[in-house]
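Chain by chain, the residues run as shown.
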Amino acid sequence: QTYAAPASYTLHNLFKPPEFDWGKLRGEPVRFNCRDEGLQLLADPVLVEDISFANIQPGGVGKKELSFTIDGGRMDDNMLSFYDALRQARVGKGEAEKVSREAGHSFSGIAFWPRLIMDGEGKLDINSRKYPSGGHQKSHWQTVLPIMSDVPVPLKAGDEIFVSVDFDVPDDVLKPSTYRIDGDVIQK
């Protein structure tokens, strides 16, 4: 399975154009350790893909429409997490307050991570992030974050994010799947 949720990234708020050009990533996602507090989710995760290795289907093109409502409680928690992480990195109090406030109330992209269900009864699961909340935990699996705007998009509780995920899964298992993500932020 692949899960996704809108996220904010501290470095996206620290390094902005023209000094830093996020467009140079050319759609390549930033990869995170699942314990990295510099990435915080803004809404509850949703299921994007559910692939059964017991019943492999032929490749093909697919599309999934996702919608998220920004959670004010998560935003408040994120500000505190960002502040703590910045202070541990020896960022000054004033700068840490400013950046954590901006990062806690902004959208960087849609985070994606895997979850494996190893049996049909759901008794043996491998969760790269806490399930179902998407919280941080130790894992060797990564969370990926395609940066969806050169500058973070300001948000407030109740704003909505609508995302379209197009994917192409080739029949040849030696060729990687490709994904295209597009979306809109609707500010309330």
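Residue indices begin from 1 for each chain and proceed along its sequence in written order. Only residues with pLDDT of 70 or above have their local features reported here, since the model is predicted, and side-chain atom pairs are shown and tallied only from 80 upward, although totals for entire chains, interfaces and linings are computed over all residues. Derived side-chain values reflect all non-hydrogen atoms in the structure, with water molecules and hydrogen atoms excluded from consideration.

1. Digging into helix α3 (residues 93-104)
So, step 1. Over its twelve residues, α3 runs 16 Å from end to end, which matches the ideal 16 Å to within 8%, given 1.5 Å per residue.
So, step 2. Any two residues whose heavy atoms approach within 4.5 Å at even a single point are treated as in contact. Runs of E in the DSSP output that reach at least two residues are strands. Runs of H or I that reach at least four are helices, and both are numbered from the N terminus. Contact partners of the buried residues in α3: β1 (2-9), α1 (10-14), α2 (72-88) and β6 (106-107). To estimate the expected span of a helix, subtract one from its residue number and multiply by 1.5 Å.

2. Remarks on the side chain of S8
So, step 1. Counting through the fold element by element, S8 comes out in strand β1.
So, step 2. Polar contact is the term for a pair of N or O atoms within 3.5 Å; when the atoms are in protein, one must be able to donate a hydrogen and the other to accept it, and sequence-neighboring residues count only if both atoms are side-chain atoms. Within the local environment of S8, its side chain forms a polar contact with the backbone oxygen of A103, the two atoms lying 2.4 Å apart.
So, step 3. Of the polar contacts made by the side chain of S8, one reaches the backbone oxygen of S106; its length is 3.2 Å.
So, step 4. Not counting residues within four places of it along the chain, the set of residues in contact with S8 comprises N13, G38, L39, Q40, L42, F82, A103, S106 and S108.

3. What about the side chain of H12?
So, step 1. Take H12: it is sitting in helix α1.
So, step 2. Of note is the side chain of H12, whose polar atom sits 2.9 Å from the backbone oxygen of S149.
So, step 3. When sequence neighbours within four positions are dropped, the list of residues in contact with H12 reads W22, F107, S108, I147, S149, D150, V151 and P152.

4. Points about the pairing of strand β2 (residues 30-33)
The side chains of a regular strand alternate between the sheet's two faces.
So, step 1. Exposed residues in this analysis have more than 50% of their type's maximum accessible area, buried residues have under 20%, and partly exposed residues fall in between, with area computed by a 1.4 Å probe over protein chains only. Of the two faces of β2, only one is covered, namely that formed by V30 and F32; the face formed by R31 and N33 stays uncovered.
So, step 2. The criterion for strand pairing is that DSSP finds at least two bridges linking the strands in question. Pairing geometry for β2 and strand β9 (residues 142-145), over four bridges, is antiparallel. Paired with F32 across the strands is T143, a residue of β9.

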